[in-house]
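Structural overview for review
The residues making up each chain are set out below.
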Protein chains: 2
Amino acid sequence: MDERVVVIGGGPAGLSAAIAAGQLGAPVTVVEKLGYLGGRPIEEHYASLTPHLADAEEVMGGMVHDLEACADVEILLESEVVGVSEGDAPFTVSIRTPRGVVERTSPSVIVATGFQHFDPGRETQLYGYYEFPDVVALQDLEAMLKEGSVVRPSNGEAPKRICFVQCVGSRDRQIGNEYCSKVCCGVASKEATEVRMALPDSEVFIFYIDMRMYGYWESQIYWPAQEKHHVQYVKGIITEVLPKDGKLLVRGEDTTMGRPMEIPMDLVVLSVGMEPSPGTRRMAQMLGIEQNKYGFVEAKNPPLDTVSTSRDGVFAVGTALGPADLEDCASSGGLAAARAVARLGTRVGG
Amino acid sequence: MDERVVVIGGGPAGLSAAIAAGQLGAPVTVVEKLGYLGGRPIEEHYASLTPHLADAEEVMGGMVHDLEACADVEILLESEVVGVSEGDAPFTVSIRTPRGVVERTSPSVIVATGFQHFDPGRETQLYGYYEFPDVVALQDLEAMLKEGSVVRPSNGEAPKRICFVQCVGSRDRQIGNEYCSKVCCGVASKEATEVRMALPDSEVFIFYIDMRMYGYWESQIYWPAQEKHHVQYVKGIITEVLPKDGKLLVRGEDTTMGRPMEIPMDLVVLSVGMEPSPGTRRMAQMLGIEQNKYGFVEAKNPPLDTVSTSRDGVFAVGTALGPADLEDCASSGGLAAARAVARLGTRVGG
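Worth saying up front: this structure is predicted, and the values here are computed from it rather than measured.

**A word on the packing of helix H4 (residues 138-147) of chain B against helix H5 (residues 184-198) of chain B**
Residue and element names in this part refer to chain B. Closest axis-to-axis distance for the H4/H5 pair is 11 Å, and the angle between their directions is 35°. Seen from above, H4 lies across H5 with left-handed handedness. When H4 is examined against H5, the residues Leu138, Leu141, Glu142 and Leu145 are found in contact with a partner set consisting of Cys184, Val187, Ala188, Lys190, Glu191, Glu194 and Val195. In terms of residue class, the contact of H4 with H5 is built from 7 nonpolar, no polar and 4 charged.

Next up, the structure:
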């Protein structure tokens, strides 16, 4: 029987899973809805990756290279899983491709359908993302950094004062996202560092609740941002962004000093959190696997089995499971690959 | 050739790696210095695991069960790797066991030798860990929780006021540990919750710099700790712990209120961070793999290859690489297993 590991999604976690499975000698099919592999870092034009500012295109290109070097890998681009057989594995997976619908038989499907950025216009318009051109989101600034040109969208000029507003769409019961999105502190600090390098005369502020620079991010990103690049961290809550005299007036409270603040900025960057992508919601429903109340896939048996789902033979990896950094994506991809390949008919040494 | 995957260390990460490799059908040898598997959670008598308070013995026992169910697994207890051949893989790994030295041939060695808790008496005696019996560390309280008896060691009475001091041995340039130890905020909050459940009349405080409750820990641990269990979080720096009138006087600064504080406590819990275990340092040197300046194993190619080291065929997982939570251990173990098994002579379908 021609059984294949089917990986749905070609971003960091899906690629990690597919490479690990492929290097184990397993036949692998990767299904990607876009016309290229690489996921969010490529789709959203990330300049560089945490924590070492590695070039996003190079890193993702390296993964694609590793994948293509595997013996039996099928990459289906502009493709989508449109059906999965009911009942026990092996599953028949129906995939709509540009050349028609194809079917693959698989004892193990890996869901790597990822996240989407929180839409900062949803429910709350506190920060004016859709009203004021100089209010942007992390991924917008990332794209500017990649272009090599950080400007105020309103007039094309270099901003002199830039601030990041943390926890937009995260840690927020009102909008239903009580979780922390895990990576925004690191990503904002990385971008703040890059802005300071690109615009040495600029002042860069980060308004935060807690700086969640866990593990090595503390020493790799957070300390250099402060000491070497003079990014200014202010513990505070931003309540409003308003236009004034051609600038943006950022209002809130400095909670360390215990006083209200009102600071004019040229560019405001919203550190938007993670939500499940439409693909994650759709695949979870199609596969009949449990989702948590936020719509992410629920891991069945945490903390020491991070990738099994409520359905035997279906695994989830990376940000399909919830907020995750790149290391989480790489590692969980590997664990899922091992589990998935173990379910193929032939085994190592078998 | 009888090639085996050799996993050094039988804690969460090592077990995850060994199980994943074993389930792939690979011959696996696990080398554990203690007389039992399970790592720190068993050795240090953890009561429960983050984030769901799962019973530590049950969870680790489940992993051991999964490992023993694999077809070709050799578990060497009270054993230690005492030599590894130089040059390219396959390596000859010499292992001292209670029945003498044995040799195994392996194309891929997985270092899962873990961490040790920061010694709060080292270099600084600010907090009086070795002077005052009612100053304990996270793992001491964990053992008390497992015993079902949280008491003041000085007199065996239930404490009425308990506090946790975060970042002991972490985020501290003076002692050379600039990194954040990642899990202490979650572990302290978990223990604080358990103390409140065990001693409903107690008051429990956590003194912190930033609460690093990343991802779901925010909603799984942090919010319930505050809202349901009334753990009191105070942003502040503790500078001194002194005995006074049979209690401990905790002195520092409440940085939110901007004022000095001096609070009598019955029990002070130091949230000690992670350092590389002696085994991690020793194995890194014996294998000739790069270590970072803290002594942890340096991952060769982060962020999207989390487990490769500077030596081809040698992988590192879990806290051998630096601060890591249980999910990190499980996932990185899986990735290393996939990479390691891919290097065996026989492949899936091959």
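Right, picking up where we left off after that structure.
**Quick notes on the interface of chain A and chain B**
The partner chain B presents 62 residues to the 62 residues of chain A that form the contact. Regarding the contact of chain A and chain B, the summed buried area is about 5100 Å², with carbon and sulfur atoms giving 62% of it. For the pair chain A and chain B, the interface holds 6 salt bridges. Arginine 173 of chain A is the salt-bridge partner of glutamate 227 of chain B, the closest N and O atoms lying 2.7 Å from each other. Here chain A and chain B share 22 residue pairs in polar contact (both at pLDDT 80 or more) between them. Tallied by class, the residues present in the side of chain A that touches chain B amount to 32 nonpolar, 17 polar and 13 charged.

**Topic: the nonpolar core**
Judged by nonpolar contacts, the single largest core of 148 residues is most densely connected at Ile110 and Phe164 of chain A together with Ile110 and Phe164 of chain B. Once residues within four sequence positions are removed from consideration, phenylalanine 164 of chain B is found in contact with Leu138, Leu141, Ala188, Glu191, Ala192, Val204, Phe205, Ile206, Phe207, Val269 and Ser271 of chain B.

**Thoughts on the relation of the copies chain A and chain B**
Laying chain A over chain B is done by rotating through 180° and shifting 0.0 Å along the axis; what remains is an RMSD of 0.0 Å. Given the turn and translation reported, the copies of this chain are related as if by a two-fold rotation axis. Residue by residue, 100% of the interface of chain A is reproduced at the interface of chain B, so both copies engage with the same surface.

**Here we look at helix H1 (residues 12-23) of chain A**
Residue and element names in this part refer to chain A. Between its terminal C-alpha atoms H1 stretches 16 Å, which fits the 16 Å expected from 12 residues at 1.5 Å a residue. Taken across its 12 residues, H1 has 11 buried, putting it largely inside the fold. Burial in H1 covers these residues: Pro12, Ala13, Gly14, Leu15, Ser16, Ala17, Ala18, Ile19, Ala20, Ala21 and Gly22. Glycine 25 occupies a position one or two residues after H1 and carries a positive phi of about 90°.

**Some details on the environment of tyrosine 214 of chain A**
Among the structural elements, tyrosine 214 of chain A can be located in the loop between strand S12 (203-208) and helix H6 (217-227). Residues in contact with tyrosine 214 of chain A, not counting those within four places in the same chain, are Lys182, Val183 and Asp325 of chain A together with Cys180, Lys182, Arg212 and Tyr214 of chain B.

**Re the sheet that holds S12 of chain A**
Residue and element names in this part refer to chain A. Within the open sheet, the 7 strands sit side by side as S10-S16-S11-S12-S13-S14-S15. Their pairing is mixed. For this open sheet the edge positions go to strand S10 (135-137) and strand S15 (259-265), each flanked by a neighbour on one side alone. Each adjacent strand pair in this sheet contributes to an overall mean axis angle of 35°, direction not counted. Sheet topology places strand S14 (residues 247-254) next to S15; 7 bridges connect them, and they run antiparallel. Looking across to S15, one finds that valine 250 is bridged to isoleucine 263.

**Thoughts on the packing of helix H8 (residues 326-342) of chain A against helix H8 (residues 326-342) of chain B**
Axes are the key here: two packed helices are described by the angle between their axes and the distance separating the axes. At their nearest, the axes of H8 of chain A and H8 of chain B sit 7 Å apart, and the two run at 60° to each other. Relative to H8 of chain B, the element H8 of chain A lies oblique. Regarding H8 of chain A and H8 of chain B, the two cross each other, and that crossing is left-handed. In contact with Asp328, Ala330, Ser331, Ser332, Gly334, Leu335 and Ala338 of chain A of H8 of chain A, H8 of chain B contributes Asp328, Ala330, Ser331, Ser332, Gly334, Leu335 and Ala338 of chain B. The residue inventory of the contact of H8 of chain A with H8 of chain B, partitioned by class, reads 6 nonpolar, 6 polar and 2 charged.

**Section: the sheet that holds strand S14 (residues 247-254) of chain B**
Residue and element names in this part refer to chain B. Pairing in this open sheet of 7 strands is mixed, and the strands run S10-S16-S11-S12-S13-S14-S15 from one edge to the other. One side of each edge strand has no neighbouring strand; the edge strands of this open sheet are strand S10 (135-137) and strand S15 (259-265). In this sheet, neighbouring strand axes are inclined to one another by 35° on average, regardless of whether the strands run parallel or antiparallel. Here strand S11 (residues 161-168) pairs with strand S12 (residues 203-208) via 5 bridges, running parallel. Counted as the bridge partner of isoleucine 162 is valine 204 from S12.

**A few points about the packing of aromatic side chains**
Enumeration according to the criterion identifies 21 aromatic pairs over all chains in this entry. Ring centres 5.7 Å apart and planes at 75° place the aromatic pair tyrosine 179 of chain A and phenylalanine 296 of chain A in the edge-to-face group. Taken together, the residues tyrosine 179 of chain A in the loop between strand S11 (161-168) and helix H5 (184-198) and phenylalanine 296 of chain A in the loop between helix H7 (278-287) and strand S18 (314-316) connect sequence positions 117 residues apart. Of the two residues examined, tyrosine 179 of chain A and phenylalanine 296 of chain A, each falls in the buried class. Site record: aromatic cluster; members linked through ring pairs are Tyr179, Tyr294 and Phe296 of chain A together with Tyr216 of chain B. Directly above the ring of tyrosine 214 of chain A sits lysine 182 of chain A, whose terminal nitrogen or CZ lies 5.6 Å from the centroid. The aromatic ring of phenylalanine 115 of chain B is capped on one face by arginine 40 of chain B, whose charged end is 5.3 Å from the ring centroid.

Criteria and thresholds
- Residues numbered from 1 in each chain as written.
- Chains lettered and ligands numbered in written order.
- Predicted model: local features only at pLDDT ≥ 70, side-chain atom pairs only at ≥ 80, totals over all residues.
- Heavy atoms only, no water.
- Axes fitted to C-alpha atoms, helices over the stretch in contact; angles between N-to-C directions.
- Helix = DSSP H or I, 4+ residues; strand = E, 2+ residues; numbered from the N terminus.
- Left-handed = near helix turned anticlockwise from the far one by under 90°.
- Contact = heavy atoms within 4.5 Å.
- Nonpolar A, V, L, I, M, F, W, Y, C, P; charged D, E, K, R; others polar.
- Buried area = accessible area lost by both parts, 1.4 Å probe.
- Salt bridge = Lys/Arg side-chain N within 4 Å of Asp/Glu carboxyl O.
- Polar contact = N/O pair within 3.5 Å; in protein donor to acceptor, adjacent residues only side chain to side chain.
- Core = buried A, V, L, I, M, F, W, Y, C linked by side-chain atoms within 4.5 Å.
- Buried < 20%, exposed > 50% of the residue type's maximum accessible area, 1.4 Å probe, protein only.
- Least-squares fit on C-alpha atoms with pLDDT ≥ 70 in both.
- Expected span 1.5 Å × (residues − 1).
- Pairing = 2+ DSSP bridges.
- Parallel < 35°, antiparallel > 145°, perpendicular 65-115°, else oblique.
- Phe/Tyr/Trp six-rings, centres within 6.5 Å; stacked < 30°, edge-to-face > 60°.
- Lys NZ or Arg CZ within 6 Å of the ring centre and 35° of its normal.

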